[in-house]
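An overview of the molecular structure
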Amino acid sequence: MSMSGGTEDGEPMMEMNTTPLIDVMLVLLIMFIITIPIQTHAVKVDLPVNDPNQQQPPVDPQKNKITIDPAGLIAWNNVPVNEVTLRQYLDQSATIVPEPELQFQPDPKARYEVVDQTLAVIKRSNISKLGFVGNEQYYRDF
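Residues numbered from 1 in each chain as written. Predicted model: local features only at pLDDT ≥ 70, side-chain atom pairs only at ≥ 80, totals over all residues. Heavy atoms only, no water.

With that settled, consider a nonpolar patch on the surface. On the surface, Met-16, Leu-21, Val-24, Met-25, Val-27, Leu-28 and Met-31 cluster together to form a nonpolar patch covering roughly 710 Å² of accessible area. The residue Leu-21 is located in helix 1 (residues 19-35) in this model. For Leu-21, a relative accessible area of 44% translates into the label partly exposed. (Patch = residues over 30% accessible without salt bridge, like charges linked within 9 Å, V, L, I, M, F, W, Y side chains within 5 Å. Areas by Shrake-Rupley, 256 points an atom, 1.4 Å probe, with all protein chains shown as cover. Salt bridge = Lys/Arg side-chain N within 4 Å of Asp/Glu carboxyl O. Helix = DSSP H or I, 4+ residues; strand = E, 2+ residues; numbered from the N terminus. Buried < 20%, exposed > 50% of the residue type's maximum accessible area, 1.4 Å probe, protein only.)

Quick look at the sheet that holds strand 5 (residues 130-132) now. Here five strands make up an open sheet; going across it, the order is 3-2-1-4-5 and the pairing mixed. Since the sheet does not close on itself, it has two edges, and those belong to strand 3 (79-80) and strand 5, each with one partner. Examined bridge by bridge, strand 1 (residues 63-68) and strand 4 (residues 101-106) share six bridges and lie parallel to one another. Looking across to strand 4, one finds that Asn-64 is bridged to Leu-102. Where helix 2 (residues 83-94) meets the sheet, it contacts strand 1, strand 2 (74-76) and strand 4, and its direction lies at approximately 35° from that of strand 2. Taken strand by strand, helix 3 (residues 112-124) contacts strand 1, strand 2, strand 4 and strand 5, and its axis lies near 170° from that of strand 4. (Pairing = 2+ DSSP bridges. Contact = heavy atoms within 4.5 Å. Axes fitted to C-alpha atoms, helices over the stretch in contact; angles between N-to-C directions.)

Looking now at the pairing of strand 1. Inspection of the sheet shows strand 1 paired to strand 2 by three bridges, in the antiparallel sense. Of the residues in strand 2, the one forming a bridge with Ile-68 is Ile-74. What sits between the antiparallel neighbours strand 1 and strand 2 is a turn of five residues, in which Gly-72 has the positive phi angle 90°.

Attention now goes to the packing of aromatic side chains. If you walk through the whole model with that rule in mind, you get two aromatic pairs. Between Trp-76 and Tyr-89, the ring centres sit 5.4 Å apart and the planes meet at 45°, which makes this aromatic pair tilted. A residue pair is termed long-range when its members are at least 10 positions apart, and Trp-76 in strand 2 and Tyr-89 in helix 2 qualify at 13 residues. Pairing Phe-104 with Phe-132 gives two aromatic rings, centres 5.8 Å apart and planes at 90°, and the pair type is edge-to-face. Of the two residues, Phe-104 is situated in strand 4 and Phe-132 in strand 5; the sequence distance between them amounts to 28 residues. (Phe/Tyr/Trp six-rings, centres within 6.5 Å; stacked < 30°, edge-to-face > 60°.)

Below, the structure written as structure tokens:
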């Protein structure tokens, strides 16, 4: 009786043993990884520098305040503005998510016409979070 590596009918085995091939490939892969030079080049990135003299953005993401003094001067966060600049700031704050709170505080001696025009600008800008500050100063008038 002779021995064969194939089937029982005596034919040779047709499958190739891949275990030594896999072992050789793993050794070559490890050698290749070890011999690769370490990447020593770097990418230079210029990062922005925080300048303390730079003005902060006029639109605060939390809350903004519009005040009107007795002379009719409109101020956005204590900075005097005209109606065009006010509308730009309002449009900019309307695009922030979530929308910042807008506080409106006219002086009791401010002209009604200026207050009305300012409220019209606010209404046209589609601001949804509007609060009136200082209404308690009028409670004795009625």
